[in-house]
Amino acid sequence: MSACDMGGCDGLPSYGCDSGCDSGCGLGGGCLGGECDLGDPFTLFGEYEGVSIGGWVQMGYHTAALPLFNSRPDEYQLHQAWLYAEKAIDTSNGFDIGGRIDYVYGTDSQDTQAFGISNNHWDNDWDNGTDYGHAMPQLYVEAGYGDLSVKAGHFYTIIGWEVVTAPDNFFYSHAYTMYNSEPFTHTGALATYNVGDHVSVMGGYVFGWDSGFEDNGDAFLGGVSVGLTDSLTVTYATVGGRFGDGNINRVVDGVVGRGENGYMHSIVADYAVSDNLQYIFQSDLLDTEDIDGATVRDTFGINQYLIYTLSDCWAVGTRFEWYQADAGVFNTDNDIYALTSGVNYKPHANVLVRPEIRWDWVDGDPTDILENSDDDQFTFGIDTIFLF
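### A short note on the overall build of the protein chain
Link 1 in the chain: Helix and strand counts for the protein chain stand at one helix and 20 strands.
Link 2 in the chain: Of all 388 residues assigned to the protein chain, the portion counted as buried reaches 49%.
Link 3 in the chain: A sequence separation of at least 24 residues applies to 59% of the contacts in the protein chain between residues at least 6 apart.
Link 4 in the chain: A total accessible area of about 16400 Å² is found for the protein chain, and carbon and sulfur atoms account for 55% of it.

### Section: empty space enclosed by the protein
Link 1 in the chain: The full count for this structure, using the stated rule, is two cavities of 30 Å³ or more.
Link 2 in the chain: There is about 50 Å³ of room inside the largest cavity.
Link 3 in the chain: Among the residues forming the lining of the largest cavity, the class breakdown is five nonpolar, six polar and two charged.
Link 4 in the chain: Taken as a whole, the second largest cavity encloses approximately 30 Å³ of empty space.
Link 5 in the chain: Together, His62, Leu66, Asn70, Tyr172, Ser173, Glu356, Arg358, Thr379 and Gly381 line the second largest cavity.
Link 6 in the chain: When contributions to the lining of the second largest cavity are tallied by element, the ones reaching two or more residues are β19 (351–364) and β20 (376–387).
Link 7 in the chain: When grouped by side-chain class, the residues that make up the lining of the second largest cavity number two nonpolar, five polar and two charged.

### As for the side chain of Ser149
Link 1 in the chain: For Ser149, the position within the fold is in strand β7 (residues 148–156).
Link 2 in the chain: Residue Ser149 is classed as buried on the basis of its relative accessible area, which comes to 15%.
Link 3 in the chain: Not counting the four nearest positions on each side in its chain, Ser149 is found in contact with Ile89, Glu142, Ala143, Gly144, Leu190, Ala191 and Thr192.

Parameters and conventions
Residues numbered from 1 in each chain as written. Predicted model: local features only at pLDDT ≥ 70, side-chain atom pairs only at ≥ 80, totals over all residues. Heavy atoms only, no water. Helix = DSSP H or I, 4+ residues; strand = E, 2+ residues; numbered from the N terminus. Buried < 20%, exposed > 50% of the residue type's maximum accessible area, 1.4 Å probe, protein only. Contact = heavy atoms within 4.5 Å. Areas by Shrake-Rupley, 256 points an atom, 1.4 Å probe, with all protein chains shown as cover. 1 Å grid on protein atoms, 1.4 Å probe; cavity = no way out; pocket = protein on both sides within 12 Å on 5 of 7 lines; lining within 4 Å. Points joined across faces, edges and corners; volume = space filled by probe spheres on them. Nonpolar A, V, L, I, M, F, W, Y, C, P; charged D, E, K, R; others polar.

Here it is, written out as structure tokens:
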């Protein structure tokens, strides 16, 4: 998904207020810090014959390490140098076909490679040092007719609320749930059917989790999204079956693959409290085992987001997470909590700045969870995203 698909202001998310400064949405009917003039967005490539080409550059700094993408503390780094080409389908006049390809370089890339199988297939060995590297997280074709569309290839998951693409998140940092208990990508086929104006149903077959074009499992991916009211939308998304790895009966790098089978779901409720205030509640459950029935991962998490849009230029938000990792993620059973408060500032239609303060604390054994295995940790972070 490109940032322009978010329904925001000139290519950036609006988080609830899309009517501009003249609407009185903000402090005193204006914008925080003065007049809100985003200017005209610019593009390097634009659109040609229905194909749009664009991208962004995300650079950031954070004071402490979090094993959730942000793993290089006290260092200004390039997270995402992103390019995409997309032909979005338009089924208003019948059948249409399109597709998308994404490429990313930076410190986020190794977390979005096809690491589900440790045999360096697809983009899993496109590394450049310890943390930097390349990835091709999406390459798919899509066809649709009327209310039905089907994509086939390598694409991002439908699980959860947070995503990998930086412009589509409110916060610079990520949740434990998103990083440890949700897939990032799938390879396979996924159909979406719009039952009506307020109901969409999804279903398909994928090669497990985070794999390229090589068998890494057999899983169902699907869900349903229902607009219960004009203000409340609830989405249930699930993946179940064999997640990985595809080498259960083979020896790879001296290790016999044990496989991972199970079930995972995410329930997201998105509620527009007012024109300016947005509340998101998310609950994730993951339960998997190996071929012998032993537990591989057992986690449960609840994330809550509260985002208030002051204007098209300013928004403030808070995220609170409780993450229970009983098995498979950290060395011991733990309850982990994280409270994040941040600001989104848009000085221009193509620029987004996201400072934040985050407090993480662990109830249990903190070994290898936070930096220096501390019980708690304060982190300041800030990044800037330039879209083109």
